[in-house]
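Each chain, letter by letter, is given below.
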Amino acid sequence: MKGIVFTEFFELVEDNFGYEMVDKIIINTDLPSKGVYTAVGTYSHTEIVILLMELSKQTKVSPGELLRLFGHKLFDTFKNSYGMFFEKPTSSFELLTSVEEYIHVEVKKLYPDATLPSFDTEMLNEKSLKMVYKSERSMSMLAKGLIEKSLEHYEEKGEIQMTPMNEEGSIVEFIITLS
Ligand code: HEM
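Here we summarise the structure given alongside this text. (Residues numbered from 1 in each chain as written. Predicted model: local features only at pLDDT ≥ 70, side-chain atom pairs only at ≥ 80, totals over all residues. Heavy atoms only, no water.)

## Description of the site of the ligand
Step number 1: Close to the ligand lie 26 residues; Lys2, His104, Thr115, Tyr133 and Ser135 are nearest.
Step number 2: One of the backbone N or O atoms of Lys2 is found 2.6 Å from an oxygen atom in the ligand.
Step number 3: The set of elements that each furnish at least two residues to the shell around the ligand consists of helix H5 (92–110), strand E2 (128–134) and helix H6 (140–153).
Step number 4: Tallying contributions element by element places H5 first for the shell around the ligand, with five residues.
Step number 5: Residues belonging to the shell around the ligand are distributed by class as follows: 21 nonpolar, three polar and two charged. (Near = heavy atom within 4 Å. Polar contact = N/O pair within 3.5 Å; in protein donor to acceptor, adjacent residues only side chain to side chain. Helix = DSSP H or I, 4+ residues; strand = E, 2+ residues; numbered from the N terminus. Nonpolar A, V, L, I, M, F, W, Y, C, P; charged D, E, K, R; others polar.)

So, in C-alpha cells, the structure goes:
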C-alpha cells in the first residue's frame, strides 16, 4: 500500500481525534514501520488494517465507518494532488466510470507497485450506475466514501445501495441512483 495512504490516514486521525491518538495507535500496534511512512514508499496492507482496527478500538467508531470517513478525506487529497483526473469528467458517473478505464490505469503507470481494486461498471439507465468492486483488500467502505464525495463534488444527490457478493467483502456491488 502506498505511503500516501498512511500519511493521509494519520492526518485523518490527528484532525478527528487529536495528535495523542496518533501516538497511541502507533505505540499500541508496534508495527515494522514504527509509524514512519513516506508518501513515496510502499508498505504492507496489513499495517493499515492493524492501525485501523486499533483506532476503532480506541474510538469505538466501527472500522467501516472509519474507512468511509477516510474515503472522504482521500477524495480531497486526490483532487488536490491529481487535479488532471478531474478536468474532463463533467458528472459523478463520468468520473466514476473513468476510475477503472483511466485513473487507476494511470496510477499504476506512476506507481507500478500500487495495489488497486477493479471495478466493473455499467450504466443501468440514465439515472443509475452499477459498479462492482473487487479487491482482496476488502476496502469497499473506502470506495463508498469516495463515491459519496464524487456525488458531492458535482453537486449531485442520490442513493448508494451496497450489496456484498461474498463473505469476505472482496466483491461488492454498488448501485448509485441519482435523485
Ligand atoms: C483522481 C482520483 C483517484 C486517484 C488518483 C486514485 C488513486 C489511488 C491510489 C494511489 C490508491 C492506493 C493504492 C496503493 O496503496 O497501493 C488507490 C486505492 C483505492 N482506490 Fe483510487 N484513486 C482515485 C479515485 C478513486 C475513486 C473515485 C474510487 C471509488 C470509486 C477509488 C477506489 C479506490 C479504492 C477502494 C482503493 C483501495 C484499494 C483497494 O480497495 O484495493 N479510487 N487509489
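## Remarks on unusual backbone geometry
Step number 1: Despite not being glycine, Lys34 has its phi angle at roughly 50 degrees, a positive value.
Step number 2: By the element assignment, Lys34 lies in the loop between helix H2 (19–29) and helix H3 (45–59).
Step number 3: With a relative accessible area of 52%, Lys34 lands in the exposed category.
Step number 4: Phi at Ser138 takes a positive value of approximately 45 degrees, unusual for a residue other than glycine.
Step number 5: Summarising the element assignment, Ser138 is placed in the loop between E2 and H6.
Step number 6: The partly exposed category is assigned to Ser138, whose relative accessible area is 26%. (Buried < 20%, exposed > 50% of the residue type's maximum accessible area, 1.4 Å probe, protein only.)

## Remarks on the environment of Leu95
Step number 1: Relative to the helices and strands, Leu95 is located in helix H5.
Step number 2: Taking the C-alpha atoms as reference, Leu95 lies 25 Å from Glu11; in sequence the two are 84 residues apart.
Step number 3: In this view, Leu95 contacts Phe75, Phe85, Phe86, Pro89, Ile103, Ser150 and Tyr154; residues no more than four positions away in its chain are not counted. (Contact = heavy atoms within 4.5 Å.)

## A look at the packing of aromatic side chains
Step number 1: According to the stated counting rule, one finds 11 aromatic pairs in the structure shown.
Step number 2: Judged by centre distance (5.5 Å) and plane angle (70 degrees), the rings of Phe6 and Tyr43 are edge-to-face. Highlighted residues: Phe6 in helix H1 (residues 3–17) and Tyr43 in the loop between H2 and H3, separated in sequence by 37 residues.
Step number 3: Overall, Phe6 belongs to the buried group, its relative accessible area being 0%.
Step number 4: A residue is classified by how much of its surface remains accessible, and Tyr43, at 16% relative accessible area, is buried.
Step number 5: For the ring pair Phe78 and Tyr82, a centre distance of 6.1 Å and an interplane angle of 70 degrees mean the geometry is edge-to-face. (Phe/Tyr/Trp six-rings, centres within 6.5 Å; stacked < 30°, edge-to-face > 60°.)

Taken by themselves, the reported measurements are silent on function.
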